[in-house]
Amino acid sequence: HTFLSVELTKLKAVRETLEQSLREKERNEHVYLREVTTLKQETSRLIRNTTRESANLEYLKNIVLRYLRASSSSEKRQILLAIFTVLHFSDEERSSVKHKLAPGWFS
């Protein structure tokens, strides 16, 4: 009877250890699932940004190409304004570019 009692106590201790281990693994699983969700969202955001940047780059390429092919200075002025906008030129940057162009070219 004593032997069975000792074995039962040992088995209860093992069961308690296993249950604690299981609870810890379940908590970890919840943490990992949240991390996976966060990573999936971040991946989706990065893919959207990359796609958007690719489209913006293509648009900018087309604007620069139009600028290089433009035959009149009035057309170049208009295209240059688009370049300023797409590249988010500051007022200072716009002024420095306008200053470098031939006098009256940007009037």
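Above this text you will find the structure in question.
A brief report on the enclosed structure follows. For clarity, every value in this text was computed on a predicted model and none was experimentally measured.

### Brief notes about helix α1 (residues 2-69)
And step 1. Between its first and last C-alpha, α1 extends 99 Å over 68 residues, near the 100 Å set by a 1.5 Å rise per residue.
And step 2. Among all positions of α1, only Leu60, Ile63 and Tyr67 are buried.
And step 3. For α1, the secondary structure elements touched by its buried residues are α2 (73-86).

### With respect to α2
And step 1. Helix length check: α2 (14 residues) gives 20 Å between terminal C-alpha atoms against 20 Å at 1.5 Å per residue, within 8%.
And step 2. Taken together, the buried positions of α2 are Ile79, Leu80, Ile83 and Phe84. All buried residues of α2 lie within an arc of 150 degrees about the axis, which places them on one face of the element.
And step 3. Buried residues along α2 sit in contact with α1 and α3 (91-100).

### Some words on the packing of aromatic side chains
And step 1. Taken as a whole and assessed by the stated rule, the structure comprises one aromatic pair.
And step 2. Between Phe84 and Phe89, the ring centres sit 5.0 Å apart and the planes meet at 35 degrees, which makes this aromatic pair tilted.
And step 3. Of the residues examined, Phe84 reaches a relative accessible area of 0% and is grouped as buried.
And step 4. Here Lys76 stacks its cationic end above the ring of Tyr67, 5.1 Å away from the centre of that ring.

Calculation criteria
- Residues numbered from 1 in each chain as written.
- Predicted model: local features only at pLDDT ≥ 70, side-chain atom pairs only at ≥ 80, totals over all residues.
- Heavy atoms only, no water.
- Helix = DSSP H or I, 4+ residues; strand = E, 2+ residues; numbered from the N terminus.
- Expected span 1.5 Å × (residues − 1).
- Buried < 20%, exposed > 50% of the residue type's maximum accessible area, 1.4 Å probe, protein only.
- Contact = heavy atoms within 4.5 Å.
- Arc of directions from axis to C-beta.
- Phe/Tyr/Trp six-rings, centres within 6.5 Å; stacked < 30°, edge-to-face > 60°.
- Lys NZ or Arg CZ within 6 Å of the ring centre and 35° of its normal.

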